[in-house]
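Observations on chain architecture
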Amino acid sequence: MRLKLCYNKFAVKIYAHSLKDTEKIGIALGEILEKKTIVMLCGELGSGKTTLIKYICKGMGIVDESIVKSPTYTLMREYDGPFPIYHFDLYRLKNVVDLEEIGYYECIFDDGITFVEWADRIKDAYPQQYLQINIEVLNREKRIFEFKWKGKYYDELMKRFENTLR
Ligand SMILES: Nc1ncnc2c1ncn2[C@@H]1O[C@H](COP(=O)(O)OP(=O)(O)OP(=O)(O)O)[C@@H](O)[C@H]1O
Ligand SMILES: [Mg+2]
């Protein structure tokens, strides 16, 4: 795929020159995700969190990716994929009580896949093991996606992901 910028044991950075590159990255990741994966996304307003999730869902086989929309006001959206897909946006939430109210913990520990936008807003939103994607905006179309992770399953997942990028 020739997109990789650099990686070490603990992080992978991928440079996207365009929306098309973001699509390739998202699809490649979506194709290898297994149930119980939790993806925490961080990055400024309009950096591309929802857009990347849309393409990951496309890689998971969601044919009509237009159903994947920002849950900024609804707080959570759910899609039918090979597994249930939970899509959260923590932008308007404050603390663990808010998370409990929207059923956050039931979802992230369920047999589905969870995406969390603005994950870094609430420290208690982080489980012990997860994949985090930090998005840095370089200009209108260019982005750096930085992948960091914790846990054995994610070590394996990222090894597979790196192989697809070679
Ligand atoms: N390479 C790229 N990757 C991702 N998005 C891009 C890229 N180039 C341009 N864009 C555009 O940037 C915008 C990203 O918006 P998006 O809603 O995905 O951001 P967000 O991080 O989810 O914002 P919010 O913080 O409001 O939830 C879209 O309009 C998308 O088309
Ligand atoms: Mg969004």
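First things first, this report covers the structure right here in the doc. (Residues numbered from 1 in each chain as written. Chains lettered and ligands numbered in written order. Predicted model: local features only at pLDDT ≥ 70, side-chain atom pairs only at ≥ 80, totals over all residues.)

1. Re the overall build of the chain
- Within the chain, the secondary structure is distributed over five helices and eight strands.
- Shown N-terminal to C-terminal, the secondary structure of the chain runs as helices and strands in the order β-β-α-β-α-β-β-α-α-β-β-β-α.
- At 15 Å, the chain has a C-alpha radius of gyration in line with the 15 Å of a compact globule built from 166 residues.
- Seen through its principal axes, the chain has C-alpha atoms that stretch 45 × 35 × 30 Å.
- Taking the intrachain contacts of the chain between residues at least 6 apart in sequence as the baseline, contacts between residues at least 24 apart amount to 61%. (Helix = DSSP H or I, 4+ residues; strand = E, 2+ residues; numbered from the N terminus. Rg over C-alpha atoms; globule rule 2.2 N^0.38 Å. Contact = placed C-beta atoms within 7 Å.)

2. A look at the site of ligand 1
- In the vicinity of ligand 1 there are 17 residues, among which Thr 22, Gly 48, Lys 49, Thr 50 and Thr 51 approach most closely.
- Elements that contribute at least two residues to the shell around ligand 1 include exactly helix 1 (19-30) and helix 2 (49-59).
- The element best represented in the shell around ligand 1 is helix 2, accounting for three residues. (Near = placed C-beta within 6 Å.)

3. A word on the pairing of strand 3 (residues 38-42)
- Counting buried positions over the five residues of strand 3 gives four, a clear majority of the element.
- Bridge count for strand 3 against strand 6 (residues 113-117) is four bridges, and the pairing is parallel. Bridge pairing in strand 6 places Ile 38 opposite Thr 114.
- Judged from the four bridges that link them, strand 3 and strand 7 (residues 130-137) form a sheet pairing that is parallel. When the bridges of strand 7 are listed, Leu 41 appears paired with Ile 133. (Buried ≥ 20, exposed ≤ 12 C-beta atoms within 10 Å, placed from the backbone. Pairing = 2+ DSSP bridges.)

4. Concerning the nonpolar core
- Of all hydrophobic cores here, the largest spans 44 residues; its most connected members are Val 39, Leu 41, Cys 57, Val 116, Leu 131 and Ile 133.
- The element that contributes the greatest number of residues to this core is helix 2, accounting for five residues.
- Ignoring any residue separated from it by four or fewer positions in sequence, one finds Cys 57 in contact with Gly 30, Ile 62, Glu 65, Val 68, Tyr 79, Gly 81 and Ile 85. (Core = buried A, V, L, I, M, F, W, Y, C linked by C-beta atoms within 7 Å.)

5. Considerations on unusual backbone geometry
- Residues other than glycine seldom take positive phi values, yet Leu 75 does so here, at roughly 70°.
- Mapping Leu 75 onto the fold places it in the loop between helix 2 and strand 4 (76-80).
- A positive phi is found at Trp 118, a non-glycine position, where the angle reads about 55°.
- For Trp 118, the position within the fold is in the loop between strand 6 and strand 7.
- With 21 C-beta atoms counted inside 10 Å, the residue Trp 118 sits in the buried group.

Shape descriptors only; they carry no functional weight alone.
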